[in-house]
Amino acid sequence: MKKIYLASIDHLKKDGKQLYQKYSQLAQQYGFELLDMPDDYFKLTLDEERANKLANDKLELMKKSDIIVCDCNDFRCDNEPMGESGLTLGIGYGLKKACYCYMSDARKHSERYTGKTHVNSEGRIVDENGAFFENDPLNLMLYYSSKLVQGSFMDCLKVIEKEQKDVCR
């Protein structure tokens, strides 16, 4: 059974551990094992020593995984995914793992952006600070290092299951 490492915004919620357990059951229904996260993953605050241990524990789990999955939904209304997702995809890509991410709204970043935009003199869409938007839903380093699935974790599992079956043929 292939092992999945999941980085999800949901661990920050009050019922994060229960949500993760539901995701684990869902992964099993699709023929995958969702790697268990250390208990500290679900705590709101950690001292420096425990935070460093958690980071190292998570890195070891990523190394043991076959597949990396990241929740890349907009985090805290910032129109960017949680930093952990970006770091996790980067590590997964560097470890040559199969990397996937999911978003409920996978329109171009410039279309989801809630601030003011305009087209600059070079014809690029930019924000109020003049920073341009790439033509994808995510920063190119995230978008091109993984396969983006529009939808939920379950939708992502469906795509992974299909692709894994195709690879085995």
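Before going into details, it helps to say that this report is about the structure given with it.

What counts and what doesn't
- Residues numbered from 1 in each chain as written.
- Predicted model: local features only at pLDDT ≥ 70, side-chain atom pairs only at ≥ 80, totals over all residues.
- Heavy atoms only, no water.
- Helix = DSSP H or I, 4+ residues; strand = E, 2+ residues; numbered from the N terminus.
- Rg over C-alpha atoms; globule rule 2.2 N^0.38 Å.
- Patch = residues over 30% accessible without salt bridge, like charges linked within 9 Å, V, L, I, M, F, W, Y side chains within 5 Å.
- Areas by Shrake-Rupley, 256 points an atom, 1.4 Å probe, with all protein chains shown as cover.
- Salt bridge = Lys/Arg side-chain N within 4 Å of Asp/Glu carboxyl O.
- Buried < 20%, exposed > 50% of the residue type's maximum accessible area, 1.4 Å probe, protein only.
- Polar contact = N/O pair within 3.5 Å; in protein donor to acceptor, adjacent residues only side chain to side chain.
- Phe/Tyr/Trp six-rings, centres within 6.5 Å; stacked < 30°, edge-to-face > 60°.
- Expected span 1.5 Å × (residues − 1).
- Arc of directions from axis to C-beta.
- Contact = heavy atoms within 4.5 Å.

Across its full length, the chain carries six helices and seven strands. If you list the helices and strands of the chain from N to C, you get β-α-β-α-β-α-β-α-β-β-α-β-α. Against the compact-globule benchmark of 15 Å for 169 residues, the chain has a radius of gyration of 17 Å, which places it among compact chains. Here the C-alpha coordinates of the chain stretch approximately 50 × 50 × 30 Å along the principal axes.

Looking now at a nonpolar patch on the surface. Taken together, the side chains of Leu140, Met141 and Tyr144 make up a nonpolar region of the molecular surface, amounting to roughly 370 Å² of accessible area. Counting through the fold element by element, tyrosine 144 comes out in the loop between helix H5 (140–143) and strand S7 (147–150). Overall, tyrosine 144 belongs to the exposed group, its relative accessible area being 57%.

As a further point, take the environment of lysine 2. Locating lysine 2 in the fold gives a position in strand S1 (residues 2–7). For lysine 2, a relative accessible area of 38% corresponds to the partly exposed category. One polar contact links lysine 2 to glutamine 164, side chain to side chain, over a distance of 2.9 Å.

What follows deals with the side chain of aspartate 10. Inspection of the secondary structure puts aspartate 10 in the loop between S1 and helix H1 (16–29). A distance of 2.8 Å separates the side chain of aspartate 10 from the side chain of lysine 13, its partner in a polar contact.

Following the criterion strictly, the structure yields nine salt bridges and no others. For the salt bridge of aspartate 57 with lysine 53, the shortest nitrogen-to-oxygen distance reads 2.8 Å. Placement of both aspartate 57 and lysine 53 in helix H2 (residues 48–64) is noted, with a separation of four residues, approximately one turn of the helix. Under the relative-accessibility criterion, aspartate 57 is labelled partly exposed at 26%.

The phi dihedral of lysine 96 falls on the positive side, at around 65 degrees, and the residue is not glycine. Along the chain, lysine 96 turns up in the loop between helix H3 (83–94) and strand S4 (98–103).

Within the structure shown, the criterion is met by five aromatic pairs. Ring plane angle 55 degrees and centroid distance 5.0 Å describe the contact between tyrosine 23 and phenylalanine 153, whose orientation is recorded as tilted. A residue pair is termed long-range when its members are at least 10 positions apart, and tyrosine 23 in helix H1 and phenylalanine 153 in helix H6 (residues 153–168) qualify at 130 residues. Residue classification places tyrosine 23 among the buried positions, given a relative accessible area of 16%. A relative accessible area of 3% places phenylalanine 153 in the buried class. Pairing tyrosine 102 with phenylalanine 153 gives two aromatic rings, centres 6.1 Å apart and planes at 50 degrees, and the pair type is tilted.

The subject of this paragraph is H2. End to end, H2 covers 25 Å across 17 residues, agreeing with the expected 24 Å (1.5 Å per residue, within 8%). Listing the buried residues of H2 in full gives Leu54, Lys58, Leu61 and Met62. Buried residues of H2, viewed axially, fall in a sector of 100 degrees; they line one side. Of the exposed residues in H2, those oriented more than 90 degrees away from the buried face are Glu48, Glu49, Lys53 and Lys64. Those residues of H2 hidden inside the fold are in contact with S1, strand S3 (67–71) and H3. For H2, the capping residue at the N-terminal end is aspartate 47, with a side-chain oxygen 3.2 Å from the backbone nitrogen of glutamate 49.

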